[in-house]
Amino acid sequence: MLTLPQESVCSPSAAQPLDVPMLRPPEAASPRACAEPPAARRRPLLARCFRIASARRGGGSAAAFRSAVLGVCRGFILLYKLFAAIMRLVILEDYDQASEWAAKYICNRIIQFKPTQGRYFTLGLPTGSTPLGCYKKLIEYHKNGDLSFKYVKTFNMDEYVGLPRNHPESYHSYMWNNFFKHIDIDPNNAHILDGNAPDLQVECDAFEKKIEEAGGIDLFVGGIGPDGHIAFNEPGSSLSSRTRLKTLAMDTILANAKYFDGDLSKVPTMALTVGVGTVMDAREVMILITGAHKAFALYKAIEEGVNHMWTVSAFQQHPRTIFVCDEDATLELRVKTVKYFKGEH
Amino acid sequence: MPSNKSVSDAPIAQFTNCRLLRGRRLQREDLWVREGKILNPEKLFFDEKGSADVQLDCKGCILAPGFIDVQINGGFGVDFSLATDDFRSGIDLVAQKILSHGVTSFCPTLVTSPPSVYHQILPQISVRNGGAHGAGILGAHLEGPFISKEKKGAHPEHCIRTFEENGFQDLLATYGSLDCIRIVTLAPEIKRSSEVIQELTKRGICVSLGHSVANLSQAEEAVQHGATFITHLFNAMLPFHHRDPGIVGLLTSDKIPAGRRVFYGMISDGIHTNPAALRIAHRAHPKGMVLVTDAIAGMGLAPGRHTLGQQVVEIDGLNTYIAGTKTLSGSVATMDTCVRHFLEATGCSVETALEAASLHPAQLLGIEDRKGTLNYDSDADFLMLDDSLHVQATYIAGEEVWRQDALGM
């Protein structure tokens with residue numbers, strides 16, 4: 001049966017990370033899902049809250065009154081959770097579980113949105129080693145028939161400058177090999193910055209325009225660099241920056257050298273990237289952080305202040321952000337912080 | 001999904017759920033085909049924003065480049081060295097039948113024959129693309145008549161000639177025309193062979209050494225003048241000797257010009273060479289191995305007597321002898337049998353076995369940019385094989401030209 005509020009679907013505690021129920025798209029729905037009359041789904045949230053309240057009527061009028069009040073309270077809590085700003089830190093045991101959790105979250109978001117012709121779900125996408133597991137899971141859900149990308153538009157965060165598009169390390173190649181070639185996305189809806197465009201700033205401005213024309217990003221998925229950067233917004237980037245050309249920091253070049261046979265001279269030194277401001281404009285942001293080498297960056301992003309030297313910290317001020325991590329990534333956090341977020345419901 | 005292709009409106013086929021031979025190994029990738037050529041799907045996606053029009057599930061099969069047979073004398077009752085009235089339909093029949101063996105391109109081979117035969121037959125052979133009508137013809141392989149009398153094998157002695165007198169002119173006079181000749185097998189110890197080899201190589205014709213008693217230095221000299229192939233290694237040549245390895249020594253010779261490779265054909269039917277010899281050759285020079293069938297008219301037919309040029313041969317199982325003797329004369333093995341036998345005898349990888357029948361012959365003939373691989377922009381000549389390398393389906397230029405009936409794919 002389709003559950004309604006988004007929170008109850010996607011809020012497993014670390015103790016039961018794999019219990020996230022997966023939604024099925026309405027067309028492939030099992031008989032159970034069809035049991036709920038369509039009309040109920042279209043009723044506004046407040047009315048649903050009162051329906052919960054009234055459903056519990058029974059017994060004496062006092063009991064009925066009590067249950068009605070309880071129902072109303074529940075309804076308001078639901079409303080609050082839905083519309084209030086939240087920052088969540090979801091901690092899974094290891095990389096695989098974190099990847100699966102993130103993939104299920106994305107999958108559920110898309111299905112709940114019910115994208116269709118003329119009403120696309122817009123997804124921001126990252127590259128690098130962290131999201132690989134998540135992509136694999138999304139491909140699995142697609143191959144199982146549970147998830148279609150037919151009405152999904154994607155916007156990648158960045159691309160190297162000067163690297164041929166068919167170079168095995170370009171982000172175009174990455175996205176093709178690790179994601180696009182396995183799913184049913186329309187090529188016209190897959191947007192990646194062109195690092196070989198004749199005028200790079202024009203390319204960046206056009207990218208911003210495309211995002212705007214698509215109605216903004218519904219869910220921006222990102223990673224974090226060891227120096228706390230989001231996309232290629234290196235330490236020192238403006239927190240209200242837009243898509244632009246950036247020179248890569250030494251930390252990033254070192255981190256990327258492993259993809260270029262360990263030869264630093266082969267690593268591109270410039271890239272086009274969405275700005276911090278661009279990602280902040282998204283309606284929802286999910287940051288994937290796994291591995292002990294990212295732990296310090298996570299600490300700086302969550303427990304210290306908003307600081308342009310650790311650009312992911314900007315998301316402390318985003319109305320709706322989820323940080324998905326594994327245990328290793330929390331190694332630099334205070335025990336108190338970890339306990340708090342693990343206990344959250 | 002609506003496809004929006006800016007380069008061409010031709011339909012795009014995507015073969016999924018398969019393992020294809022690319023980059024010298026079997027990879028889990030899809031094969032994309034458009035207009036008879038293998039398409040780069042990444043380029044299609046990003047540059048043209050295109051997608052597949054039709055998807056075909058290969059059910060886990062291996063996709064390999066079509067086999068190329070550079071030495072086949074006939075089959076199914078057809079003898080390429082026999083000048084008959086319906087020669088053309090004979091060649092068409094063989095071209096069509098070998099599709100089921102996985103051969104998508106071949107070189108019809110003529111054994112030593114009188115000049116009249118060449119003059120009659122060669123104009124009837126034309127280089128042409130393959131298709132539903134049959135495998136493509138890359139050009140003729142003329143095995144003889146400029147060979148050694150001592151190593152004639154099944155070739156008729158009275159037709160053997162030399163070009164000692166007029167060199168290349170003798171060869172021209174014998175064959176008549178050089179159009180559509182792809183390979184010439186000759187014995188390099190014949191006087192003036194160097195100039196003949198040079199002339200042939202200049203014209204883009206591949207020169208092969210065979211039916212010869214040449215020693216290693218004669219063979220090396222021939223290679224230096226342009227020879228690049230050895231016809232059925234070990235057969236019809238001096239045996240390997242540790243002080244004069246003969247033509248066999250070319251496999252490990254250090255006198256091969258830089259940047260060139262000597263290829264050698266082997267009939268891996270289990271009869272023409274002992275599996276141990278097959279292994280020795282393969283281990284000595286794995287990149288030069290070219291599997292050939294050297295099939296004769298009796299291939300595909302019941303045991304009994306058949307013609308081979310001017311001779312009569314007798315088939316008994318997989319063995320073919322000159323009638324009444326124990327001299328081997330061609331084989332009746334099919335190309336896919338040869339590939340399987342090679343795999344089994346050498347214990348090599350599936351990729352190596354497949355390459356010996358596809359990539360290496362293409363490299364020998366200098367056509368690997370369009371045949372013999374599943375690289376992007378290559379001709380879409382490929383096979384669907386099961387794990388034991390039995391051909392399930394044959395495709396030429398992206399069209400299915402043969403299918404194993406038992407499987408209802």
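Residues numbered from 1 in each chain as written. Chains lettered and ligands numbered in written order. Predicted model: local features only at pLDDT ≥ 70, side-chain atom pairs only at ≥ 80, totals over all residues. Heavy atoms only, no water.

### Here's the deal with the overall build of chain A
Then step 1. In terms of regular secondary structure, chain A is built from 13 helices and 10 strands.
Then step 2. Counted over contacts in chain A with a minimum sequence separation of 6, partners at least 24 positions apart contribute 78%.
Then step 3. Taken as a whole, chain A presents about 15,600 Å² of accessible surface, with 56% of it coming from carbon and sulfur. (Helix = DSSP H or I, 4+ residues; strand = E, 2+ residues; numbered from the N terminus. Contact = heavy atoms within 4.5 Å. Areas by Shrake-Rupley, 256 points an atom, 1.4 Å probe, with all protein chains shown as cover.)

### Description of the interface of chain A and chain B
A common way to state how big an interface is: give the accessible area lost once the parts meet.
Then step 1. Across the contact, 14 residues belong to chain A and 12 residues belong to chain B.
Then step 2. In total, chain A and chain B occlude about 1,200 Å² of area from one another, counting both sides; carbon and sulfur atoms represent 62% of this.
Then step 3. In terms of surface lost to chain B, no three residues of chain A exceed R165, W176 and P187 of chain A, which account for 53% of the buried area on that side.
Then step 4. Here chain A and chain B share 2 salt bridges between them. (Buried area = accessible area lost by both parts, 1.4 Å probe. Salt bridge = Lys/Arg side-chain N within 4 Å of Asp/Glu carboxyl O.)

### Points about the sheet that holds strand β6 (residues 54-57) of chain B
All names here are of chain B.
Then step 1. Overall, mixed pairing links the 4 strands, which are arranged β5-β4-β1-β6 in an open sheet. Each edge of the open sheet is held by one strand with a lone partner, namely β5 (37-38) and β6.
Then step 2. The pairing of strand β1 (residues 12-16) with strand β4 (residues 31-34) spans 4 bridges and is antiparallel. Counterpart to Q14 in the pairing with β4 is W32. (Pairing = 2+ DSSP bridges.)

### So, the sheet that holds strand β3 (residues 25-27) of chain B
All names here are of chain B.
Then step 1. Spatial ordering of the open sheet is given by β3-β2-β7-β22-β23-β24, a layout of 6 strands whose pairing is mixed. Each edge of the sheet is formed by a strand with only one pairing partner; in this case those strands are β3 and β24 (399-403). The average angle at which neighbouring strand axes cross in this sheet is 30°, direction not considered. (Axes fitted to C-alpha atoms, helices over the stretch in contact; angles between N-to-C directions.)

### With respect to the nonpolar core
Note that soluble globular proteins tend to have their nonpolar side chains buried in a common cluster.
Then step 1. Membership of the largest hydrophobic core comes to 87 residues, with the highest contact counts inside it found for Y175, L186, L250 and L354 of chain B.
Then step 2. Both domain 1 (12-64 + 373-403) and domain 2 (66-365) of chain B contribute no fewer than three residues apiece to this core.
Then step 3. One finds Y105, C107, F113 and M175 of chain A within the second-largest nonpolar core, a separate group that totals 45 residues. (Core = buried A, V, L, I, M, F, W, Y, C linked by side-chain atoms within 4.5 Å. Buried < 20%, exposed > 50% of the residue type's maximum accessible area, 1.4 Å probe, protein only. Domains from an automatic or database assignment.)

### A short note on the UniProt feature "active site" (unreviewed entry) in chain B
Residues and elements named next belong to chain B.
Then step 1. The UniProt entry lists D294 under the feature "active site" (unreviewed entry), expressed in the numbering used here.
Then step 2. Mapped onto the elements of the fold, D294 is located in the loop between β18 (289-291) and β19 (304-308).
Then step 3. A residue is classified by how much of its surface remains accessible, and D294, at 5% relative accessible area, is buried.
Then step 4. In this structure, D294 is in contact with Q71, N73, E143, H232, I267, G330 and S331, ignoring residues within four places of it in sequence. (UniProt positions renumbered as here; feature names shortened; annotations may be inferred.)

### As for helix α5 (residues 193-202) of chain B
All names here are of chain B.
Then step 1. Among the residues of α5, those classed as buried are S193, S194, V196, I197 and L200. On an axial view of α5, the arc spanned by its buried residues comes to 165°, and they lie on one face.
Then step 2. G204 occupies a position one or two residues after α5 and carries a positive phi of about 80°. (Arc of directions from axis to C-beta.)

### Quick look at helix α9 (residues 350-357) of chain B
Then step 1. The element α9 of chain B is largely enclosed, with a buried count of 7 among its 8 residues.
Then step 2. Taken together, the buried positions of α9 of chain B are V350, E351, A353, L354, E355, A356 and A357 of chain B.

### Description of the domain arrangement of chain B
All names here are of chain B.
Then step 1. You can read the domains of chain B as domain 1 (12-64 + 373-403) and domain 2 (66-365).
Then step 2. Centre-to-centre, using C-alpha coordinates, domain 1 lies 30 Å away from domain 2.
Then step 3. Every contact between the two is made by 20 residues of domain 1 and, on the other side, 24 residues of domain 2.
Then step 4. In this assembly, domain 1 packs against domain 2 so that about 1,800 Å² is buried in total across both faces, 69% of it on carbon and sulfur atoms.
Then step 5. Linking domain 1 to domain 2 there are 1 salt bridge.
Then step 6. Counting across the interface, domain 1 meets domain 2 through 5 residue pairs in polar contact (both at pLDDT 80 or more). (Polar contact = N/O pair within 3.5 Å; in protein donor to acceptor, adjacent residues only side chain to side chain.)

### A short note on the confidence of the model for chain A
Then step 1. Averaged over every residue, the pLDDT of chain A is 83; residues scoring 70 or more account for 79%.
Then step 2. This model gives residues 52-59 of chain A a pLDDT under 50, and the stretch forms 10 contacts once residues within four places in sequence are excluded. (pLDDT = per-residue confidence, 0-100.)

### Here's the deal with the packing of aromatic side chains
Then step 1. Following the criterion strictly, the structure yields 27 aromatic pairs over all chains and no others.
Then step 2. Ring geometry for Y160 of chain A versus Y171 of chain A: centroids 4.8 Å apart, planes at 40°, classification tilted. Taken together, the residues Y160 of chain A in strand β4 (residues 158-160) and Y171 of chain A in helix α8 (residues 171-178) connect sequence positions 11 residues apart.
Then step 3. Y171 of chain A sits in the buried class, given a relative accessible area of 10%.
Then step 4. Seen from their ring centres, Y160 of chain A and F260 of chain A are 6.0 Å apart, and the 80° between their planes marks the pair as edge-to-face. Residue Y160 of chain A is located in strand β4, and its partner F260 of chain A is located in the loop between α10 (250-256) and β8 (270-273); the two are separated by 100 residues in the primary sequence. The burial state of Y160 of chain A is the same as that of F260 of chain A; both residues are buried.
Then step 5. Counting every residue linked through ring pairs, the aromatic cluster contains Y135, F149, Y174, W176, F179 and F180 of chain A together with F45 and F46 of chain B.
Then step 6. Its end group placed over the ring of F113 of chain A, R119 of chain A keeps NZ or CZ at 3.9 Å from the ring centre. (Phe/Tyr/Trp six-rings, centres within 6.5 Å; stacked < 30°, edge-to-face > 60°. Lys NZ or Arg CZ within 6 Å of the ring centre and 35° of its normal.)

### Here's the deal with unusual backbone geometry
Residues and elements named next belong to chain B.
Then step 1. Cis rather than trans, the peptide bond between G144 and P145 has omega equal to 0°.
Then step 2. By the element assignment, P145 lies in the loop between β13 (140-143) and α4 (168-175).
Then step 3. Look at A236: it is not a glycine, yet its phi comes out positive at around 60°.
Then step 4. As for its placement among the helices and strands, A236 is situated in the loop between β16 (229-230) and β17 (263-266).

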